[in-house]
Amino acid sequence: MSTVSFATAARDQFLGGEFRRSYGWLTASVHRLVGSRNDAEDLAASAFTELAGMEDVSHIRQPRALLTTIARRLTYEFWRRRDLERAYLEQLALAPEFSDASPEEIYIAIDELLRIDAALQGISAKAREAFILSQFEELGYAEIAERLHVSVSMVRKYLAQALTACYALA
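Residues numbered from 1 in each chain as written. Predicted model: local features only at pLDDT ≥ 70, side-chain atom pairs only at ≥ 80, totals over all residues. Heavy atoms only, no water.

Turning our eyes to something else, we now look at the pattern of salt bridges. Taken as a whole, this structure holds nine salt bridges when the rule is applied. E18 serves as the salt-bridge partner of R21, at 3.0 Å between the closest nitrogen and oxygen. Taken as a pair, R21 and E18 lie in helix α1 (residues 3–34) at a separation of three residues, close to a single helical turn. With relative accessibility at 5%, the residue E18 sits in the buried group. For D117, the salt bridge identified is with R80, shortest N-O distance 2.4 Å. Residue D117 is located in helix α4 (residues 103–120), and its partner R80 is located in helix α3 (residues 63–94); the two are separated by 37 residues in the primary sequence. Taking relative accessible area as the criterion, R80 reaches 37% and is therefore assigned partly exposed. Connected via shared salt-bridge partners are E50, R73 and E77. (Salt bridge = Lys/Arg side-chain N within 4 Å of Asp/Glu carboxyl O. Helix = DSSP H or I, 4+ residues; strand = E, 2+ residues; numbered from the N terminus. Buried < 20%, exposed > 50% of the residue type's maximum accessible area, 1.4 Å probe, protein only.)

Structure, rendered in structure tokens:
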């Protein structure tokens, strides 16, 4: 047996064994966090998918600790998405002109908001806040500067950072 096929077999054995040992445990652990068995199963499966996507698993000494870390990050992302969806739907309910939006249009809008949210995670909190104040509260540069206790030129820089992050989505 060649070294490559031996390494592949060892990898497959590790991943298969870890899945059998830890999937139920991880699902139960995540279920306590999210309260939904279906969501917990999805998040646990995603954690194992990330583990399986790692190029080299031979260095992993505490797979449950790693799976817990991955699952918690995925759970936080899940909560953020859920909260963002809920906020969007609440705002949509308040806007009568959007009451005719189809489920597909709502899905597309939520998906776009999630993409923007993900892009904005790479910039500072003040830059994110400046973007939100500009785009969603429609405040001018001077008003944003006053709220954030920064100069107007700093607001311009923040908005440039945010827009650059958003344009990277395209």
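Following the structure, the description resumes.
Bringing the packing of aromatic side chains into the picture now. Inspection of the entire model under this criterion finds four aromatic pairs. Pairing F19 with Y23 gives two aromatic rings, centres 4.9 Å apart and planes at 25°, and the pair type is stacked. Here the residue F19 and the residue Y23 both occupy positions in helix α1, the gap between them amounting to four residues, near one helical turn. Between Y76 and W79 the ring centres are 5.5 Å apart and the planes differ by 55°, which places this aromatic pair in the tilted class. Of this pair, Y76 and W79 both sit in helix α3, three residues apart, which is roughly one turn of that helix. In this structure an aromatic cluster arises from ring pairing among F19, Y23 and F48. (Phe/Tyr/Trp six-rings, centres within 6.5 Å; stacked < 30°, edge-to-face > 60°.)

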